[in-house]
Amino acid sequence: MDFKRIYTSSKTYIVLLFVAFVIILFTASMAYYQIMRMQDLAEKVAHTLQVNNAISELSAHSTQAESEEFRNQLQRSEGNNTIFDDYVKEGETILKTLKDLTRDNTSQQIRLAPMQALLDSLHEELKILGDHPAQDSIVLNESENEKKSDINFTLYRIRNIRNQMLAEERLSIKKTREEYESNKYLAPLTSLLLAFFALLVFVLAFLKIYRNKLRIRSSENFLRSVLATTDNIVNYYEPIYDRNKEKIIDFKIVFANECNRDYLGLDPDEITGQPISNVFPFLMLNGEFEQLVNCFEQKEKISFDRQISVEGEKLWFKSLVTPLAEGIMVTARNSTAEEKAKEEQLFLNQRLEDQNLKLLDNRAFLNNIFKSIPHTIMNFEAIRDKKGNISDFKILFINDKITPITGDLPEEIINKNVSEVFPVIFETEIFGYLKDVVQTGKPKSYEVPYEVDGMPKWFSARAVKLGDGVTLTSREITEEKERTEQLVQLNTQLETQNSIFIDAENVANIGSYIWYLDNGEATISDNFYRILGYEPNAIKITFESYRKFVHPEDLEAYDLLGAETVEFGKSKVNGYRIITKQGDVKYIELNGRALIRNGRRASVGVVVDVTEEKQNSDRVIELNQELSIQNSILTDAERLAKIGSFIWYVGTDMIELSDNFYRMLGFEPKGFESSLKKFGEFVHPEDLKTYQQSIEKSTHELSVNEHRYRIITKTGEVKHLKVNGQFIQKDNKQIMSGVAQDISLSIAAEEKLRASNLELQQSNAELESFNRVASHDLQEPLRKTQMFISRLESTETENLSDKGRVYFQKVVNAASRMQALVLNLLTYSRIDSKHEDFELIDLNQVLLKVKEDLSSSIENTGAIIKSEDLPTLRGVSYQLEQLFNNLIGNALKYKVADATPSVTIQAEKVHGKQIPEDFFKTANTYYKITIIDNGIGFSTEYSDKIFEVFQRLHQKSEYSGTGIGLAICKKIVENHHGFIYATSELGKGSAFIFYLPA
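On a predicted model such as this, the values are computed, not experimentally measured, just so you know. (Residues numbered from 1 in each chain as written. Predicted model: local features only at pLDDT ≥ 70, side-chain atom pairs only at ≥ 80, totals over all residues. Heavy atoms only, no water.)

1. Some details on the overall build of the chain
Helix and strand counts for the chain stand at 33 helices and 27 strands. Of all 998 residues assigned to the chain, the portion counted as buried reaches 33%. Taken as a whole, the chain presents about 61800 Å² of accessible surface, with 54% of it coming from carbon and sulfur. (Helix = DSSP H or I, 4+ residues; strand = E, 2+ residues; numbered from the N terminus. Buried < 20%, exposed > 50% of the residue type's maximum accessible area, 1.4 Å probe, protein only. Areas by Shrake-Rupley, 256 points an atom, 1.4 Å probe, with all protein chains shown as cover.)

Structural data, given as structure tokens:
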């Protein structure tokens, strides 16, 4: 059984977690059940004690009636019944208490049933006794003795009932005690079992979490090494939302690797934390930002190509955007070389056409060669089964040299299977050779016997992979087999080595050369041309022509190389710099040796492009310099940001403080010997317990949570510190590295902000009070005024004079304007900036509803309202209806006399940068809505005034209105994060333009 697989499986831990949960739930239920039983037993005991107390009180009550002193008091009362009345009330109270306590005990209730009658009889008999004054004991008559005898008999019956009830309660408490004795050990035992099992689950969970933490840390280190060595730009962005946390307006750069510096010249540390709209503004154009938002929200990968210009050079990047839990990961690969390759493709296609023409000539030439050479040449294509394994070969080509061997004509066997034509291949190891060639790509040479006209002959064959098949070349070697065997092997090895050397040059960025020392002519390999920035054979190379590629500062070394090589056959110079066709500087190292080639002295060798190794060495030096600068910047940054850093060796008293940390404590750097104990002396006494608890928690859990406490500096100043850190390994020791920030000013600012919030709440309360006054108190007398005006109008209008009717009409108009003014004020004050009720609104439907509301005005004026297809956007429905209603209503109200009103509504989508108006833009794109009318218009100087509250451009006798309508429009647009303004000219109509986020 694979125990390791079971141990590491997530399903195993899920099952164990479920089992643990069930056991804990069962144990907790049992503990709860036992505790509840103990509680019930305790309540039973308490109830029994209460019943016993009540019975004891009843006993004391009846015993008092037996007392001769009490009976004498009743007889001496001489008409004062206070003692008797108190005694009766006491009995009734005790009986009522007993009935309440034994409500659930049927047997006790039965015993108590006659108790009321007995108490009544006792009280009646005591009353009769009290009505006869006390006499001298010597003359005690028989009648009084008889009354006392009746009282004693009644008390006897009461005592019997009391004794029965006491007996039953004693039996009940005995049973309760026995039950308690039998169960009192179960509850502690169950609780102990629950605690032990919870501890076991905690230990197992802690071990698992700790192992996962180590694994995550290892994965993090591996990821950092991958990001440091990759050639791609890898950035991680997190979304930036608008004020309402509903819409993504930008992305913040959280991580950027070093390739940003290599390709784009951007320092990763400087761009980290900045929005992409500042660092990569091109992402905000062409809809790419919307693609990033969709990628994050829909959790779907996207990719796109982009060309950018860096320091005058055009670069192409292929970007892959991957959504993560809290942001998006953007991986950009430099595809400039691929794009350049596409540009060169056209040139290569032209060359290919020329080569195709040559190929036709070469094909004819090749056919002549095939006829003239003694070799048999065959080309086979692999035939594969359903699993992809080679099961046969198909003959695609064979020359006519096969006829003398097998007697077959080439035309007859082409396109047939090899198993059909040459079955002997499948009977020997030849089929295996051919499969190996196709699968491995390595050429295969072999010798095979074959009978021709009954005579055994030997053939030498060589198989080379071509596409998904092989090219097989064979010739008869019967007479020269022994003589040429060694030569064939040598040629095969040379051919393989040449192929390997060509591949090695491409992979290792190596070039080879042959330099003839007699006249300076040279031949260089294809990859040497590429190192120089040329295509193979693009230029002719000689010692002098190659000299122009040598860096001017290395010409002396190059000339020394030539002189020493010509004279001695070798040189001490082993490297120099060259400048390629594209102007790139490369470092070249070379190694050569002298030999005689075709009777001429020559130097043969290789060159290696070591530019990258050289640059890496220089880069290390630059990084060391940058590290020194960054350390200096960090020291200054700590001082400016009021931050101090520290390193604590966990489990010890050793702690290292930065220079600015000393300054925050009121000391000069290294002003005291730092230690954990010494630093504790600066902690405020009220925060010392919190400080010590954080240290203990960090020591045991190896995790740090951000915490705050106060310190008292050397000068007695109290400062607030915010501390955070992380655990790392240093020199095989567990340390905590962290920072502490002086947030005293922030704390003071928070207090000030809290005070401001209280003032704002008071202001809001006053505004609510105003709304209540406006909506209730102001409208109540107004409604009464209008009611009495209506009654006067219906009953007393005919009794008024003409001048009185004019005055009365002015009162009616004034009351109507007052009502409209109050309603508009309420509308204006109730428009707030809350967005809980924002939803998608179709402005076309809004316009239809406004037309219905204004239908009577439209019919009366004959107005023509034209509109384009309006967009759908997020907003508050009734506010947008109010906006359109006010603007179109104004167009109908302020019309030119004797002219038909015309209203045109236009809409278009614009980018935020295209909006000339200066206001805070929360979106990248906006809808521009324009409402144009042909009304009376207004002067341009009043463009801003008309949107203020109570501002009117006309007398109320000319046009009705309150002067609040356009102020309401402005507040609605601003509530939707938009902007509104107006343009007009007297007598030529007006245009109201407003922008709303798309």
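So, next bit.
2. Quick look at the pattern of salt bridges
What the rule picks out here adds up to 18 salt bridges. The shortest N-O distance in the salt bridge between lysine 586 and aspartate 609 comes to 3.9 Å. In this pair, lysine 586 sits in strand β14 (residues 585-597) while aspartate 609 sits in strand β15 (residues 600-609), placing the two residues 23 residues apart along the sequence. Among the salt bridges present, the one from arginine 710 reaches aspartate 687, with a minimum N-O distance of 2.9 Å. (Salt bridge = Lys/Arg side-chain N within 4 Å of Asp/Glu carboxyl O.)

3. Quick look at the side chain of serine 675
Note that serine 675 resides in the loop between α24 (659-664) and α25 (676-680). At 3.1 Å, the side chain of serine 675 and the backbone nitrogen of lysine 678 are in polar contact. If near-sequence neighbours (up to four positions away) are discounted, serine 675 is found in contact with Asp653 and Ile655. (Polar contact = N/O pair within 3.5 Å; in protein donor to acceptor, adjacent residues only side chain to side chain. Contact = heavy atoms within 4.5 Å.)

4. A look at the layout of surface pockets
Space inside the second largest pocket adds up to approximately 970 Å³. Every residue lining the second largest pocket is counted, 37 residues in all, and those nearest its centre are Lys247, Thr922, Ala923, Asn924 and Ala998. At five residues, the largest contribution of residues to the lining of the second largest pocket is made by helix α12 (residues 288-298). Taken together, the residues of the lining of the second largest pocket sort by class into 14 nonpolar, 13 polar and ten charged. (1 Å grid on protein atoms, 1.4 Å probe; cavity = no way out; pocket = protein on both sides within 12 Å on 5 of 7 lines; lining within 4 Å. Points joined across faces, edges and corners; volume = space filled by probe spheres on them. Nonpolar A, V, L, I, M, F, W, Y, C, P; charged D, E, K, R; others polar.)

5. Quick notes on the sheet that holds strand β10 (residues 469-476)
Spatially, β7-β6-β10-β9-β8 is the arrangement adopted by the five strands of the open sheet, whose pairing is antiparallel. Strand pairing shows two members of the sheet lacking a second neighbour, β7 (390-398) and β8 (444-452), which therefore form its edges. Geometrically, the sheet is characterised by an average inter-axis angle of 30 degrees between neighbouring strands, direction not taken into account. The pairing of strand β9 (residues 455-466) with β10 spans eight bridges and is antiparallel. When the bridges of β10 are listed, alanine 463 appears paired with leucine 472. Across the face of the sheet, helix α18 (residues 430-440) comes into contact with β6 (376-384), β7, β8, β9 and β10 while running at roughly 85 degrees to β7. (Pairing = 2+ DSSP bridges. Axes fitted to C-alpha atoms, helices over the stretch in contact; angles between N-to-C directions.)

6. Observations concerning a nonpolar patch on the surface
A cluster of nonpolar side chains, namely Leu199, Leu200, Phe202, Val203, Leu204, Phe206, Leu207, Tyr210 and Leu214, defines an oily patch on the protein surface of about 840 Å² accessible area. Along the chain, phenylalanine 202 turns up in helix α8 (residues 186-229). Relative accessible area serves as the criterion here: at 56%, phenylalanine 202 is assigned to the exposed category. (Patch = residues over 30% accessible without salt bridge, like charges linked within 9 Å, V, L, I, M, F, W, Y side chains within 5 Å.)

7. Looking at the packing of helix α30 (residues 843-853) against helix α32 (residues 877-893)
Relative orientation of the contacting elements α30 and α32 amounts to 55 degrees, with a least axis distance of 9 Å. The angle between α30 and α32 places the two elements in the oblique class. The interaxial crossing formed by α30 with α32 has right-handed handedness. For the pair formed by α30 and α32, the contact residues are Leu843, Val846, Leu847, Lys849, Val850 and Asp853 on the first element and Leu880, Glu881, Phe884, Asn885 and Ile888 on the second. For the contact of α30 with α32, the per-class residue count stands at seven nonpolar, one polar and three charged. (Parallel < 35°, antiparallel > 145°, perpendicular 65-115°, else oblique. Left-handed = near helix turned anticlockwise from the far one by under 90°.)

8. A closer look at empty space enclosed by the protein
All told, the structure shown has three cavities of 30 Å³ or more when counted by the stated rule. The computed volume of the largest cavity comes to approximately 280 Å³. What lines the largest cavity is a set of 17 residues, and nearest its centre among them are Met378, Phe422, Val448, Tyr450 and Ser474. Listed by contribution, the elements that provide at least two residues to the lining of the largest cavity are β6, α14 (403-406), α17 (424-427), β8, β9 and β10. Per element, the largest residue contribution to the lining of the largest cavity is four residues, and it comes from β8.

9. Overview of the confidence of the model for the chain
For the chain, per-residue confidence averages 79 on the pLDDT scale, and 82% of positions sit at 70 or higher. Model confidence for the chain, summarised as mean pLDDT per element, is weakest for helix α1 (residues 3-8) at 45 and strongest for strand β25 (residues 925-933) at 94. A low-confidence stretch, residues 1-7 stays under pLDDT 50, and its non-local contacts, those more than four residues away or across chains, total four contacts. pLDDT under 50 marks residues 136-140. Its contacts with residues more than four places away, or in other chains, come to one contact. (pLDDT = per-residue confidence, 0-100.)

10. Focus on the packing of aromatic side chains
Enumeration according to the criterion identifies 26 aromatic pairs in this entry. Here the aromatic rings of tyrosine 546 and phenylalanine 549 are separated by 6.1 Å at their centres, their planes lie at 40 degrees, and the arrangement is tilted. For tyrosine 546, a relative accessible area of 7% corresponds to the buried category. With a relative accessible area of 4%, phenylalanine 549 lands in the buried category. Look at tyrosine 546 and tyrosine 576: their rings are 6.4 Å apart centre to centre, the planes differ by 75 degrees, and that puts the pair in the edge-to-face class. Residue tyrosine 546 is located in helix α21 (residues 543-546), and its partner tyrosine 576 is located in strand β13 (residues 575-579); the two are separated by 30 residues in the primary sequence. Given a relative accessible area of 7%, tyrosine 576 falls into the buried group. Put simply, the rings of Trp515, Phe528, Tyr534, Phe543, Tyr546, Phe549, Tyr558 and Tyr576 touch in pairs and so form one group of aromatic residues. The residue whose ring lies beneath lysine 299 is phenylalanine 296, and the NZ or CZ to ring-centre distance is 4.3 Å. Directly above the aromatic system of tyrosine 433 lies the positively charged group of lysine 444, at a separation of 4.8 Å from the ring centroid. (Phe/Tyr/Trp six-rings, centres within 6.5 Å; stacked < 30°, edge-to-face > 60°. Lys NZ or Arg CZ within 6 Å of the ring centre and 35° of its normal.)

11. Some words on the sheet that holds strand β5 (residues 328-334)
In any sheet, the strands associate via hydrogen bonds between backbone groups, in a parallel or an antiparallel arrangement. An order of β2-β1-β5-β4-β3 is seen for the five strands of this open sheet, with the pairing classed as antiparallel. Since the sheet does not close on itself, it has two edges, and those belong to β2 (248-256) and β3 (302-310), each with one partner. Shown here is a sheet whose adjacent strand axes are inclined to one another by a mean of 35 degrees, direction ignored. Relative to β5, strand β4 (residues 313-323) runs antiparallel, the two sharing seven bridges. Directly across from threonine 322, in β5, lies its bridge partner methionine 329. Running over the sheet, α12 touches β1 (233-241), β2, β3, β4 and β5 and is turned about 80 degrees from β2.

12. Structural notes on the nonpolar core
The biggest cluster of nonpolar side chains holds 37 residues, and the ones touching the most others in it are Phe884, Ile905 and Phe994. Sorting the residues of this core by element identifies α30, α32, β24 (902-911), β25, α33 (965-975), β26 (979-984) and β27 (990-997) as the ones contributing at least two each. At seven residues, the largest contribution of residues to this core is made by α32. The residues touching isoleucine 905, leaving out its near neighbours within four places in the chain, are Leu847, Ile865, Lys866, Ser867, Glu868, Leu870, Phe884, Ile888, Ile929, Thr930 and Ile931. The next biggest cluster of nonpolar side chains, apart from the first, holds 29 residues, and it includes Ala256, Leu292, Cys295 and Phe296. (Core = buried A, V, L, I, M, F, W, Y, C linked by side-chain atoms within 4.5 Å.)

13. Section: the environment of leucine 396
Along the chain, the position of leucine 396 falls in strand β7. Considered as a pair, leucine 396 and asparagine 417 are 21 residues apart in the sequence and their alpha carbons are 9.4 Å apart. Aside from chain neighbours lying at most four places away, what touches leucine 396 is Asn379, Glu381, Ile414 and Asn415.

14. Overview of the pairing of strand β11 (residues 510-516)
In terms of burial, β11 is a largely internal element, six of the seven residues being buried. Of the pairings in the sheet, the one linking β11 to β15 comprises seven bridges and is antiparallel in character. Bridged to tyrosine 516 within β15 is alanine 602. Direction of pairing for β11 relative to strand β12 (residues 522-524): antiparallel, over a ladder of three bridges.

15. Description of α18
Residues of α18 that are buried: Ile430, Phe431, Leu434, Val437 and Val438. Along the long axis of α18, the arc covered by the buried residues comes to 125 degrees, so they all point the same way. Within α18, the exposed residues directed more than 90 degrees away from the buried face are Gln439 and Thr440. Against the buried residues of α18 lie β6, β7, α17, β8, β9 and β10. (Arc of directions from axis to C-beta.)

16. Things to note about unusual backbone geometry
Its identity is not glycine, yet asparagine 415 carries a phi of approximately 75 degrees, on the positive side. Note on placement: asparagine 415 falls in the loop between α15 (410-413) and α16 (418-421). Positive phi values are uncommon outside glycine, yet asparagine 537 reaches one of about 65 degrees. By the secondary structure assignment, asparagine 537 is in the loop between α20 (526-532) and α21.

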